[in-house]
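Fold and geometry: a report
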Amino acid sequence: MAERPEDLNLPNAVITRIIKEALPDGVNVSKEARRAISQAASVFVLYATSCANNFAMKAKRKTLNAGDVLAAMEEMEFERFMEPLREALEVYKKGQKGKKEVSEQKRKDKEKKTDSENDKSREEDEEEERMEEEAEAENEVEEEEVEN
């Protein structure tokens, strides 16, 4: 848990970016207003987290999940944000799935490359072994010819 109340505030850069994206161009926001919005956002996050945690605890879980957050939003009477939140969650899940698939493909490609390199190395070793055996056989033939 945070030791000081200001440790619970969201980063100012994040708050400023959100404010700029939410307002039309040309609208200025005072430093005092940004601070108030930042504190309000922090209080909202803490409250939503606490409500979501209650749902997780009722389900005898220690990990909050998206369902807990959605239930908390409903309990806090933020129903109008439910659909946009669900949509954002779906976009996030698809993005994660895509990342997982790309990561899996990279891993498979790396394995193929390693297998290919190992096969190539094995072939080179076998070729070298064959050449050594041929050289030994030639030496034996030459030695036999010299003895005769």
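Please refer to the structure placed before this passage.
My aim in this report is to walk through the structure given alongside it, one point at a time. All of these numbers come straight from a predicted model, not from anything done at the bench.

Now for the nonpolar core. Buried together is how nonpolar side chains tend to be arranged in soluble globular proteins. In this structure, Ala48, Cys51, Ala52, Leu70, Ala72, Met73, Met76 and Met82 together form the largest nonpolar core, which totals eight residues. Only helix H2 (31–58) and helix H3 (66–75) provide two or more residues apiece to this core. Ignoring sequence-local partners within four residues, the contact set of Cys51 consists of Ala72, Glu75 and Met76.

This part covers the packing of aromatic side chains. This model, assessed by the stated rule, comprises two aromatic pairs. With a centroid separation of 5.3 Å and an interplanar angle of 75°, the aromatic rings of Phe44 and Phe78 are classed as edge-to-face. On the criterion of sequence distance, the pair formed by Phe44 in helix H2 and Phe78 in the loop between H3 and helix H4 (82–147) is long-range, its members being 34 residues apart. With centroids separated by 5.7 Å and ring planes inclined at 40°, the aromatic side chains of Phe78 and Phe81 adopt a geometry described as tilted. Residue class for Phe78 comes out partly exposed when judged on its relative accessible area of 27%. Taken together, the ring pairs connect Phe44, Phe78 and Phe81 into an aromatic cluster.

Right, let's talk about the layout of surface pockets for a bit. When its volume is computed, the largest pocket comes out at roughly 160 Å³. Along the walls of the largest pocket sit Phe44, Val45, Ala48, Thr49, Ala52, Leu64, Val69, Met73 and Leu85, which together make up its complete lining. Listing elements by their share of the lining of the largest pocket, those giving two or more residues are H2 and H3. When residues in the lining of the largest pocket are grouped by element, the largest group, five residues, is from H2. Its residues assigned to classes, the lining of the largest pocket comprises eight nonpolar, one polar and no charged.

A word on H2. Counted at 1.5 Å a residue, the expected span for H2 with its 28 residues is 40 Å, and the 41 Å between its end C-alpha atoms agrees. For H2, every residue scored as buried is listed here: Ser38, Ser42, Ala48, Cys51, Ala52 and Ala56. Considering only its buried residues, H2 is in contact with helix H1 (12–22) and H3. Once H2 finishes, Lys60 follows within two positions and takes phi at roughly 60°, a positive value.

How each quantity is defined
Residues numbered from 1 in each chain as written. Predicted model: local features only at pLDDT ≥ 70, side-chain atom pairs only at ≥ 80, totals over all residues. Heavy atoms only, no water. Core = buried A, V, L, I, M, F, W, Y, C linked by side-chain atoms within 4.5 Å. Buried < 20%, exposed > 50% of the residue type's maximum accessible area, 1.4 Å probe, protein only. Helix = DSSP H or I, 4+ residues; strand = E, 2+ residues; numbered from the N terminus. Contact = heavy atoms within 4.5 Å. Phe/Tyr/Trp six-rings, centres within 6.5 Å; stacked < 30°, edge-to-face > 60°. 1 Å grid on protein atoms, 1.4 Å probe; cavity = no way out; pocket = protein on both sides within 12 Å on 5 of 7 lines; lining within 4 Å. Points joined across faces, edges and corners; volume = space filled by probe spheres on them. Nonpolar A, V, L, I, M, F, W, Y, C, P; charged D, E, K, R; others polar. Expected span 1.5 Å × (residues − 1).

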